[in-house]
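Residue-level listing of the chains:
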Amino acid sequence: MTTRNDAPGLPPEQIIASRAKHGTNVLTPPKREPWWRQYLAKFDDPVIRILMIAAAVAIAVGAAEGHYAEGVGIVLAVLLSTGLAFANEFRAAREFDILNRTSDDVAVTVRRSGNFTTVPRRDVVVGDLVQVEVGAEIPADGKLIESVGLKVSESRLTGESRPVDKHADPVHHDDSAYAPDHLLRSTTVVDGLGLFKVIAVGDGTQIGQTARAAAEESGVETPLNRQLLRLSQWIGVVGFGVSLLTFIALVARDLLTNALVLNAQQWSVVAVAVIGINIALVRVWLPIVFDALYLTGLKVKQPAWLEVEGIYAWLITLGLGMGVMVLGAMMGWLFGDWPARPTEWLPAESVKAFLAYFMIAVTIVVVAVPEGLAMSVTLSLAYSMRKMTASNCLVRRLHACETIGAATVICSDKTGTLTMNEMRVVHADFNGPMDLMAEAIAANSTAQLDRSGDVYTPVGNPTEGALLLWLADKGLDYHGIRASFNVAEQWTFSTERKFMATRGRSASSGKNVIHVKGAPEVVLERCTGQSDAIRQQLRDYQSRGMRTLGLAYAEVADVSAELDQLAQNLTWLGVIAIADPIRLEVPAAVAACGLAGIAVKIVTGDNADTAKEIARQIGLWSANEAPAAHCTGTDFEAMSDDDASRAAKELKVLSRARPADKLRLVRLLQKQGEVVAVTGDGVNDGPALNYADVGLAMGKTGSAVAKEASDIILLDDSFQSIVNAVMWGRSLYENIQRFVLFQLTINVAALAVAFLGPFLGFQLPLTVMQMLWVNLIMDTFAALALATEPPNAAVLNRPPRDPKAFIVTPTMARNIFGTGIMFVVAVVGLILILQYNGALPADNAPSRGSSILFCVFVFLQFWNLFNARTLGGTRSAFDGLRHNPAFIAIVVAIFIGQVLMVQFGGQVFRTVPLPWLDWLLVVVGTSVVLIVGEVMRWRYRKPAAA
C-alpha cells in the first residue's frame, strides 16, 4: 500500500498528552463475584456438607456429655479446607488475569514522528496512525485514512460471519451495522490492508462499552477430565457403600447380641427418623446411586431438581426431611401408641449408639473421598503452567498443559517453527532494468522498514521485508520509490490465487502498468515467452530449500478490466530466491519426537521441493522415502475420505497446502484416534488450530487470529519448545498419578481399618478429626509435594499414553491394594496388641495406645510418600530429590505437624503426649515401608545395570 497521507503521526509529547487525556488501550476486566460469595460456594461440596452435619452431631453429643472439642475441631477443619480451596482458586484466577493481559503486549504497526515502528497494543493512543493487514486484530477504534481491498470480520460485535468491506470514503455505504470507514477494536482483518487514525482506546471503544466476558470456557472435556470423573465416581460409590454396610452391620451386631433392644413404638420412631434423615440428605446419597447405575452400564439421567445447586436447594430438602419427621411424630401420637414424651421415644443408650454409628459412617465417607485430589490436579496444572511459561510456552487454556503430553501427531508449520523466520535474499536474477525491478519490489508490497534503530527491521510480511532489505542494501530508498508510483488499485496476496498485484502509473515509464509477484509457477504461467531454463532455475533454488518469488509486469490498456484479465500476457522480470535457515535445535527436537512415539508432519504452503528439502535437513526425510510420504494440497483435496484417511497416516510432508487441506488432515487423524497438536502463525491456520486437540501459535510472528484460536503460544516460535511442552505434559500426568497412587493407598487402608475397628471392640480406631488431619491437611501437603516433582526427560523415551486408558494402571492397582492390605494387617495387629496390653480403653478416651495407633497410621503414609515418587518404577525414591527442595520442605512440615498434633492435640485429636522412645520406635518401625520399597526397586534395577 502506498501511504499517500502525509501526516507524520504523533510526536512523543503528543503521545504522552493523549494517554493522559484518554487513558491506556486496556479493557477493564469485568467484575467478579464478591470474594465472600466465592468462598460460600465452597460449601456446595457434598463432602463439606457431610462434615458440617457430622460437626452438628458431634456438638450435640458433646453438649450432652459436657465437651465440645471434637465438634469444634471438625468446624475448624471445615473452615481450613474451604479456606485452602478458596485461596487456591482465588490465586489461580489472579494468575489467569495476569496471563490474559499478555494479549495487550501484541505488537502493532504505527506511524509516529514520520517513521513506521511497532509498539505494544496497550501503548496505542488516540491520534495514532495504525497500519493493519491480513490476520491482524484491530487494536482500537479508528477512522480509515487509506485502504486496499480491506475486508473485516465484525462477528465479535455483530455475530455476522460475513466479512464487511471497509473504505476510507464514507460514501461507500452498505447495510452493515457500522460505518464503512470505521474500524472497531477486536474485529479482524480477513483481506487487504488499511491505515487508520485511532479515535478511541480501551474502555472508550465500542467493545469496551458493551458487556464482555472476562474469560471464555473452552468446554473441552479432556481425557484427564473424563478419567478423574470416573475415578471420583468409583470412590464415591465404594465409600458410601462401605459406609452404609458398616452402619447396617453395627446395628445388626447389636441386635444379635441384644445390645440394642427396642419395642415396636420405638422402632416406629427409628423408622420415621431414618425416612426423614434420608429425605433431608437426599442430595448427598442420591447422586451416588445414579453414579453406581452409570458405572454398571445403566445410563440413567439424574432428575433436573437434583442438579440445582445453592444453599436454598439444600434448605428445601433439609426442611422436607424435618417436616416428614414432625409429621410422622404427629401421626404416631394421634393414631398409634406413640410415647407421650420425647425423652421416652428412644433410650439414651440407643441414641448414643446410633449417633456413634453415624459418626463411624461419616468417618468412612471422609476416609473414602480424596479431598486432596482436586487440589492435587489444580496444583499440578498451575505449577506446570508457570513452568511451561518460563520455558517459552504461554498456556492460554489450562487443560492444554496435560493434553499436549498425550499428543501422538504434531502437524507443524514450517516457517518460523522449523526455520528461523529470518528471510534474506540469497539470489536475485532479473531480466529487466534496475529501476523497473526496484519499482516492482517497492510498489507491489505491503511491508515497511522500521528505520528508527541502527539497523533496518522489517515490519509486516517477512518475505516482503527481505525484498525491502535487499533494496536498502543496494542503496535504494523503497519509501521514495513507492511514493512515486501512483497506485490506482491493489490486490493483496491470497492462498487461492497465490500472487499479489498492484496497478498504477509507473514513474520510470510514465505508463499504466500492473506489477505481479507470487509463486513463480503461477506467475510464469501468466507470462509470454515461458522458458524451460527459468523452470530449471526455479527447481534448483527450491531443491536447496529456498523460497522463490516470481516477478512480472504488463502495460495496462483497459484499466476497468478484472484482475484475472489484467494479469495475463505478462513480461517476466525475474526470480528472487530467499533462504530461511532451519533452527539449530530442530533436528534434535524432531529426533526426540521420534523417540517419544510422536509423528511429525510438515504442512506448508511452500512447493514440494522446498518442503522436502527442509524435511531432509531436520531429519524427517530420506532419499528412499515411499511415494505416500508426500502429497500436495491439490492431490489431497481430490482424494476420497477413505484414501485421504490412509494418506494422512503415511504423510510426512503436505506441500502447497491450503487452510481446508490442513483442517481436513487434522480431522482425519483425530477420527483414527490420534491426539493432534497443530502449529501455525497465519489467519489461514485458524481453523486447524481451533479443531486440533492442542493448538500452538507462534508468539513472535503469529497473527492475532492464530493466537486467538490456540491453546498454547510459543513465545520463541521454536519447535524445541513444543518438545519441552510434551515433556511437561507427560510429567504432569505422572505427578497426578503419583498422588492418586499415594491417596488411594491411604483410602484402602483407612476404609478397611474404619470398617474392622468396631468389630474389634474399638469403635473409632481413627476419629473424624484424625482422618481430617490425614485427608485435608497432610494430603494437601502431599499433593503439593508430588505436584512440584520436576519433569523427567525419560518420559520422552516411551510412546504416548492411550487417551482412553484409566488413570489407575494395573501396576498402580496392584501397588495400591498390595500396600494397603499390608498397612491394614499392621494396624489391625497393632490394635490387637494394644488391646491385649490394655493400652486402648474401651471408652475411646485419649490414651498412649490411641496416640501410638494414630502415629503409626500417619507414618506408614509418610514413608509411602517417598515410594509414591517412583510411581512403581525401579529408580530410588531419593533419586533427584535434591532437585526438588519443595518436597523436602513439605515432608519436614508433615513430620513436625504430626508431632505437634500428638503432643498438643489433646481431646481434639484424642491423643496424649508421647515420650521420645515411643516416637523413635514409631518412626523407625514404620520406615520399613520405605526400606522394603528401596530393596525391591534395587532388586529389579540390578539385572538392568549388569
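So, a few notes on the structure that sits alongside this text.

What counts as what
Residues numbered from 1 in each chain as written. Predicted model: local features only at pLDDT ≥ 70, side-chain atom pairs only at ≥ 80, totals over all residues. Heavy atoms only, no water. Buried < 20%, exposed > 50% of the residue type's maximum accessible area, 1.4 Å probe, protein only. Helix = DSSP H or I, 4+ residues; strand = E, 2+ residues; numbered from the N terminus. Arc of directions from axis to C-beta. Pairing = 2+ DSSP bridges. Axes fitted to C-alpha atoms, helices over the stretch in contact; angles between N-to-C directions. Core = buried A, V, L, I, M, F, W, Y, C linked by side-chain atoms within 4.5 Å. Contact = heavy atoms within 4.5 Å. Salt bridge = Lys/Arg side-chain N within 4 Å of Asp/Glu carboxyl O. Phe/Tyr/Trp six-rings, centres within 6.5 Å; stacked < 30°, edge-to-face > 60°. Lys NZ or Arg CZ within 6 Å of the ring centre and 35° of its normal.

Structural notes on helix H31 (residues 916–926)
Given 3.6 residues per helical turn, the α-helix brings residues three or four places apart onto the same face.
Then, in step 1: Within the sequence span of H31, burial applies to Asp-918, Trp-919, Val-922, Val-923 and Thr-926. Seen from one end, H31 has its buried residues packed into an arc of 125 degrees, which puts them on one side. Away from the buried face of H31 by more than 90 degrees, exposed residues Trp-916 and Leu-921 are located.

Details of the sheet that holds strand E13 (residues 486–491)
Then, in step 1: Read across the open sheet, the six strands follow the order E10-E17-E16-E15-E14-E13; overall the sheet is antiparallel. Both outer strands of the open sheet, strand E10 (424–430) and E13, are each paired with one neighbouring strand and no more. In this sheet, neighbouring strand axes are inclined to one another by 20 degrees on average, regardless of whether the strands run parallel or antiparallel.
Then, in step 2: Here strand E16 (residues 546–555) runs beside strand E17 (residues 571–579); their pairing, made up of eight bridges, is antiparallel. The partner of Leu-549 across the bridge, within E17, is Ile-576.

Details of the nonpolar core
Then, in step 1: Ranked by internal contacts, the top residues of the largest apolar core, which has 59 residues, are Met-388, Ile-404, Ile-712, Phe-719 and Ile-807.
Then, in step 2: Among the elements that make up this core, the one with the highest residue count is helix H26 (residues 719–756) (13 residues).
Then, in step 3: In this structure, Phe-719 is in contact with Ile-410, Ser-412, Thr-417, Leu-418, Val-586, Ala-589, Val-590, Cys-593 and Val-600, ignoring residues within four places of it in sequence.

A look at unusual backbone geometry
Then, in step 1: A positive phi angle, near 50 degrees, is found at Ser-113, a position not held by glycine.
Then, in step 2: You can see Ser-113 is positioned in the loop between strand E1 (107–112) and strand E2 (115–120).

Considerations on helix H22 (residues 641–650)
Then, in step 1: Of the residues making up H22, those classed as buried are Ala-644, Ala-647 and Ala-648. Buried residues along H22 cover an arc of 105 degrees about the axis, so they all sit on one side. Structural note: H22 exposes Asp-642 and Arg-646 on the side pointing more than 90 degrees away from its buried face.
Then, in step 2: Turning to H22, the residues buried within the fold contact strand E18 (599–603), helix H21 (633–638) and helix H23 (659–671).

A few points about the pattern of salt bridges
It is possible for side chains bearing opposite charge to pair when their charged atoms get close.
Then, in step 1: A full pass over the atoms with the stated rule returns 25 salt bridges.
Then, in step 2: Between Asp-254 and Arg-253 there is a salt bridge whose closest N-O contact spans 3.4 Å.
Then, in step 3: For Asp-254, a relative accessible area of 7% translates into the label buried.
Then, in step 4: Glu-464 is paired through a salt bridge with Lys-517; the nearest N and O atoms lie 3.1 Å apart. Taken together, the positions of Glu-464 in helix H14 (residues 462–473) and Lys-517 in strand E15 (residues 512–518) put the pair 53 residues apart, joining distant regions of the chain.
Then, in step 5: Since its relative accessible area comes to 7%, Glu-464 is described here as buried.
Then, in step 6: What makes Lys-517 buried here is its relative accessible area of 4%.
Then, in step 7: Residues participating in the shared-partner salt-bridge network are Glu-637, Arg-658 and Asp-661.

A closer look at the sheet that holds strand E22 (residues 694–698)
Then, in step 1: One open sheet accounts for eight strands, arranged E8-E23-E22-E21-E9-E18-E20-E19; its pairing is mixed. A strand with exactly one partner marks an edge of an open sheet, and here the two such strands are strand E8 (393–395) and strand E19 (630–632). Between one strand axis and the next, the sheet turns by 20 degrees as a mean value, whatever way the strands run.
Then, in step 2: Here three bridges tie E22 to strand E23 (residues 712–714), and the two strands are oriented parallel to one another. When the bridges of E23 are listed, Met-698 appears paired with Leu-714.
Then, in step 3: Strands in contact with H26 are E8, strand E9 (409–412), E18, strand E21 (676–680), E22 and E23; relative to E9, the strand with the most contacts, it is inclined by about 160 degrees.

Description of the pairing of E2
Then, in step 1: Pairing of E1 with E2 involves six bridges; the strand directions are antiparallel. Along E2, the bridge assignment pairs Thr-109 with Thr-118.
Then, in step 2: Between the antiparallel neighbours E1 and E2 lie two residues, among them Ser-113 with a positive phi of about 50 degrees.

Points about the packing of aromatic side chains
Then, in step 1: Per the counting criterion, the structure on display carries ten aromatic pairs.
Then, in step 2: Centre to centre, the rings of Phe-859 and Phe-895 are 5.3 Å apart; their planes meet at 75 degrees, and the pair counts as edge-to-face. Of this pair, Phe-859 sits in helix H29 (residues 848–870) while Phe-895 sits in helix H30 (residues 885–909); the two residues are 36 residues apart in sequence, bridging distant segments of the chain.
Then, in step 3: For the ring pair Phe-862 and Trp-863, a centre distance of 5.0 Å and an interplane angle of 80 degrees mean the geometry is edge-to-face.
Then, in step 4: By relative accessible area, Trp-863 is classed as buried at 16%.
Then, in step 5: An aromatic cluster is present here, built from Phe-859, Phe-862, Trp-863, Phe-866, Phe-878, Phe-887, Phe-895 and Trp-919 joined pairwise through their rings.
Then, in step 6: The ring of Tyr-733 has Arg-801 sitting right over it, with the charged end atom 3.9 Å from the ring centre.
Then, in step 7: Of note, Arg-869 hangs over the ring of Phe-887, and the distance from its end group to the ring centre comes to 5.4 Å.

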